[in-house]
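So the chains spell out like this:
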Amino acid sequence: QVQLEESGGGSVQAGGSLRLSCAASGNTNGKYCMAWWRQAPGKAREGVAVIENNGGTRYSDSVAGRFTISKDNTKNTLYLQMASLTPEDSAVYYCAAYLGSGFCYLLNEGAETWYNYWGQGTQVTVSS
């Protein structure tokens, strides 16, 4: 059992940057796939970025090159550095995780079903 709590959301102008954090607590002494998801009004939840236990990362096409996912295992904290933000990035951003030691699902159909730990979400609003 692990609890996740996002922070760092807010309002930013287009072209700006924002850094989201996700603090994990509880039973953190496992191998987790850690990911960021987002959901805009009227749209399905979308996988944004994932980081695997070995440090490998993958991103959705819409954010690749602009967003960077990272983690600090000593602090049990996941990060999402977002740059060159556009209004299309506006959404509630969620930190999510599941126990997994190798490949971590994100972009394939059904990936969301693997994630059984979710934060409450943090709002990111990008104005033009």
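The structure reproduced in this document is the subject of the present report. Just so you know, these numbers come straight off a predicted model, no measurement behind them.

### Overview of the pattern of salt bridges
Note on pairing: side chains with opposite charge can pair once their charged atoms come close. One pass over the full model with this rule turns up six salt bridges. Its salt-bridge partner being Glu-46, residue Arg-38 comes within 3.0 Å of it at the nearest N-O pair. Look at Arg-38 and you get buried, because its relative accessible area is 6%. Judged by relative accessible area, which is 26%, Glu-46 ranks as partly exposed. A network of salt bridges, in which partner residues are shared, links Arg-38, Glu-46, Arg-66 and Asp-89.

### A look at the layout of surface pockets
Taken as a whole, the largest pocket holds about 230 Å³ of empty space. The wall of the largest pocket is formed by 15 residues, among which Thr-28, Tyr-32, Met-34, Asn-73 and Asn-76 lie closest to the centre. Of the residues contributing to the lining of the largest pocket, the split by class is six nonpolar, six polar and three charged.

### Quick look at the packing of aromatic side chains
Counted according to the given criterion, the structure contains nine aromatic pairs. On the numbers, 6.2 Å between centres and 70° between planes, the contact of Tyr-32 with Tyr-117 is edge-to-face. On the criterion of sequence distance, the pair formed by Tyr-32 in strand E4 (residues 32-39) and Tyr-117 in strand E10 (residues 117-118) is long-range, its members being 85 residues apart. On the numbers, 4.8 Å between centres and 90° between planes, the contact of Tyr-98 with Tyr-115 is edge-to-face.

### Some thoughts on the pairing of strand E5 (residues 46-51)
Most of E5 is tucked away: five of the six residues are buried. Adjacent in sequence and paired antiparallel, E4 and E5 are bridged by six residues, among which Gly-42 carries a positive phi angle near 75°. Adjacent in sequence and paired antiparallel, E5 and strand E6 (residues 57-59) are bridged by five residues, among which Gly-55 carries a positive phi angle near 95°.

What counts and how
- Residues numbered from 1 in each chain as written.
- Predicted model: local features only at pLDDT ≥ 70, side-chain atom pairs only at ≥ 80, totals over all residues.
- Heavy atoms only, no water.
- Salt bridge = Lys/Arg side-chain N within 4 Å of Asp/Glu carboxyl O.
- Buried < 20%, exposed > 50% of the residue type's maximum accessible area, 1.4 Å probe, protein only.
- 1 Å grid on protein atoms, 1.4 Å probe; cavity = no way out; pocket = protein on both sides within 12 Å on 5 of 7 lines; lining within 4 Å.
- Points joined across faces, edges and corners; volume = space filled by probe spheres on them.
- Nonpolar A, V, L, I, M, F, W, Y, C, P; charged D, E, K, R; others polar.
- Phe/Tyr/Trp six-rings, centres within 6.5 Å; stacked < 30°, edge-to-face > 60°.
- Helix = DSSP H or I, 4+ residues; strand = E, 2+ residues; numbered from the N terminus.
- Pairing = 2+ DSSP bridges.

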